[in-house]
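A look at the structure
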Amino acid sequence: MTDQQGRPRPGAVFDALGTAYEKAFAGSPAHRRSLEWLLRRLAPGSRVLDVGSGTGRPTAQTLAAAGHEVLGVDVSPVMVELAARQVPAASFRCADIRDVPLADGSFDAVCVYFSLLQMSRAEQAGVVRRLVRALTPSGHLVLATVPIDLEDVEGVFMGHPVRVSSFGAGDFTAVAEEAGLEVLDREELLFTPDHPEAQPEPHLFLHCRRLPAAVPAD
């Protein structure tokens, strides 16, 4: 399926990939370290939003197993169905995060692992600002992206056509800070997904805390 411009619908590539996506990225030690970082900072029974929750593993599964209340949001109905089956302890919703109402201060933490890349740069910055407002004061937000300086570029991801926008590492960090986040920790590395058509790709993980006085504007 395509969008109004005749381009592939953002969720379509993940509908096609299904569990192949989970397998390709399951070996990421940085993702596991990122979750461990967050778990050390969450109070028991925290409310956590997982943006682009995919198959539910490892993020929602890890957080729910630790006793947290997890809501996963993903544009792919195939991924949401897989996640609901694989992680029954969490809740999942098939929706575009840009369209989901988010009450101020409604989550103790938000995870955004590589789920903004099919949005424009302006949309990415806007979503981060909305997610910051959805955090409790001093709540935590984890962001991960592929830090490459490009805007609306056509490419291939695991054998499927995609259009991608991203920021370089410095600019992405600035997006987080301008949204009202304090970057407490960061990790940059190269990771090769476990897929025959995958190439090594740079990954950037930002581990952040909402500044208590931050009220970022739209």
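Structure report, in brief. (Residues numbered from 1 in each chain as written. Predicted model: local features only at pLDDT ≥ 70, side-chain atom pairs only at ≥ 80, totals over all residues. Heavy atoms only, no water.)

Here's the deal with the pairing of strand β9 (residues 201–210)
- Counting buried residues in β9 gives eight out of 10 residues, a clear majority hidden from the surface.
- The pairing of strand β5 (residues 135–145) with β9 spans six bridges and is antiparallel. When the bridges of β9 are listed, Leu141 appears paired with Cys208.
- With 10 bridges joining them, strand β8 (residues 181–191) and β9 adopt antiparallel strand pairing. Within the sheet, the bridge partner assigned to Arg186 lies in β9 and is Leu206. (Buried < 20%, exposed > 50% of the residue type's maximum accessible area, 1.4 Å probe, protein only. Helix = DSSP H or I, 4+ residues; strand = E, 2+ residues; numbered from the N terminus. Pairing = 2+ DSSP bridges.)

What about helix α3 (residues 29–39)?
- For α3, the complete set of buried residues consists of Ala30, His31, Ser34, Leu35, Trp37 and Leu38. For α3, the angular spread of buried residues about the axis comes to 155°, placing them on one side.
- On its buried face, α3 sits against α4 (59–65), β4 (107–113), β5, β8 and β9. (Arc of directions from axis to C-beta. Contact = heavy atoms within 4.5 Å.)

Digging into the sheet that holds β5
- Pairing in this open sheet of seven strands is mixed, and the strands run β3-β2-β1-β4-β5-β9-β8 from one edge to the other. The outermost strands of the open sheet, each flanked by one partner alone, are β3 (91–94) and β8. Taken over all neighbouring pairs, the strand axes of this sheet differ in orientation by 15° on average, direction set aside.
- Here helix α7 (residues 169–178) sits on the sheet in contact with β5, β8 and β9, set at roughly 155° to β8. (Axes fitted to C-alpha atoms, helices over the stretch in contact; angles between N-to-C directions.)

So, the packing of aromatic side chains
- Under the defined criterion, the tally for this structure stands at four aromatic pairs.
- Ring geometry for Tyr113 and Phe205: centres 6.2 Å apart, planes at 55°, overall tilted. Here Phe205 lies in strand β9 and Tyr113 lies in strand β4, a separation of 92 residues in the sequence.
- When its relative accessible area of 0% is taken as the criterion, Phe205 is described as buried.
- Aromatic pair Phe114 and Phe205: ring centres 5.7 Å apart, planes at 90°, arrangement edge-to-face. Note that Phe114 is positioned in the loop between β4 and α6 (121–134) and Phe205 in strand β9, a separation of 91 residues in sequence. (Phe/Tyr/Trp six-rings, centres within 6.5 Å; stacked < 30°, edge-to-face > 60°.)

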